[in-house]
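# Coordinate inspection notes
Residue-level listing of the chains:
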Amino acid sequence: TSVAEIGSDITDGWTSITIEPASDFVRFIRYTGPADIQCSMAELEFQGLYVNNIASNECPITLATYPVHHPSEGALSVSVVVGLPDTQHAPSQVLPYSIDTTPYISSLSPKTGSSLGGTSVTITGERLPTNAMVMINGYECTVDTATSTEIVCTTTERSELHALSLEVTDLDTMSLAVSHYSLFFRYLDRWSLLSTWANEELPIEGNTVIVPVDQAILLDISPPKLFLILVYGELVFDRVDGLELQAEYIWMHGGLLEIGTEDDPFENTATITMYGDRWNSIGIPHVGTKCVVATNFGSTSHTHGDGHHVVHGDVGRIEIHGAPRTNTWVRVASDVAAGASAISLADAVDFTAGDIIVLTHQ
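In this report, we go over the structure that sits alongside the text. Treat the numbers as computed from the prediction; the structure is a model and nothing was measured. (Residues numbered from 1 in each chain as written. Predicted model: local features only at pLDDT ≥ 70, side-chain atom pairs only at ≥ 80, totals over all residues. Heavy atoms only, no water.)

Moving on to the environment of S148. In this structure, S148 sits in the loop between strand 7 (139–146) and strand 8 (150–155). S148 gets classed as partly exposed once you look at its relative accessible area, which sits at 40%. The spacing of S148 and P103 is 45 residues in sequence and 8.6 Å in space, taken between C-alpha atoms. The residues contacting S148, other than those within four sequence positions of it, are G125, E126, R127, L128 and T130. (Helix = DSSP H or I, 4+ residues; strand = E, 2+ residues; numbered from the N terminus. Buried < 20%, exposed > 50% of the residue type's maximum accessible area, 1.4 Å probe, protein only. Contact = heavy atoms within 4.5 Å.)

Turning next to the packing of aromatic side chains. All chains considered together, the criterion is met by 5 aromatic pairs. Between Y139 and Y187, the aromatic rings sit 6.0 Å apart at their centres with planes inclined by 80°, giving edge-to-face as the arrangement. Highlighted residues: Y139 in strand 7 and Y187 in strand 12 (residues 186–187), separated in sequence by 48 residues. Take Y139 and Y187: they sit in the same class, and that class is buried. Summarising the aromatic geometry, the rings of F185 and Y187 are spaced 5.5 Å apart at their centres and angled 90° between planes, so their arrangement reads as edge-to-face. With relative accessibility at 1%, the residue F185 sits in the buried group. Here the aromatic residues Y139, F185 and Y187 are joined through ring pairs into a cluster of three or more. Directly above the aromatic system of Y275 lies the positively charged group of K225, at a separation of 4.5 Å from the ring centroid. (Phe/Tyr/Trp six-rings, centres within 6.5 Å; stacked < 30°, edge-to-face > 60°. Lys NZ or Arg CZ within 6 Å of the ring centre and 35° of its normal.)

Here the focus is the state of the cysteines. In the structure shown here, the tally under the stated rule is 1 disulfide. Note that C141 is cross-linked by a disulfide to C153, the S-S spacing being 2.2 Å. The disulfide joining C141 to C153 has a torsion of about 90° about its S-S bond and is therefore right-handed. Of the two residues, C141 sits in strand 7 while C153 sits in strand 8, which places them 12 residues apart along the sequence. You can call C153 buried: its relative accessible area is 0%. (Disulfide = S-S within 2.5 Å.)

Take a look at the structure:
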């Protein structure tokens, strides 16, 4: 059954599709495209909002439906009916629960720290457990002090890169505190620290820098001009003005280059300068010269054919998210002649001094 179709029009941001089955549950969704073109999806996000009662002959537990809710929207009290369809068993019980009695994490500081551990992290919120266990990205953060509004813990050493996560568990009830999905701590080793580098030697001009798969580096200073930066792990720009990265090659081979995120854009200034000569520079096969490039780990060409599955951790990525703009592109209201000193636009813009404007045509 075809439930939706994505048009060919260019959109700014996400293309949202709402799937509303008439009666049956959606077990899987398959995406297909025309056979004569190659189309790939950069990112998919699923948001499930539909909740239904489980048939009594399939499971001895009946769940009441409830609306999607977040503590920031205020208190919510819902009753969940738990019972057995067999009348010979004990009668159903009503178990009331309320968001306004749930532990809630409102902030975390700092948001980054060394993979060697030893970073003191302060978690603030409401109704926090005083007998708590804190896990950050799958690693324990040793609790130093805990009150109902603040928990202070010290990070332990990280060995591998794990998905970002924050868990505060009440050891008395084994319940978890809730927090916004964008609230997290990252293990990032600062470029400027000697402890980040092998033999405690910072890179010098002309060096090749390799970021291993299990390391994430925070670029907090402008390093000298380098030959090659090969990223298997993560290279993240710090939120400071004036950072400059200079190299002949910057290659994310299954790694990540991050300058801001969609949820937290980079609103500072930064410059990436590439060096090279088309005649004399050495070209990396399937990659090129004087380039910033991302390739999947273990492959630099499309040799696997259409539909080849790549593990998420092996996908090379470049994430650059600058300050939000009113429009990322806009149509001109009338033709623009060569040498014109003004351009009429169809929509309002928030251009600032120093912006570069590119005119295209069909």
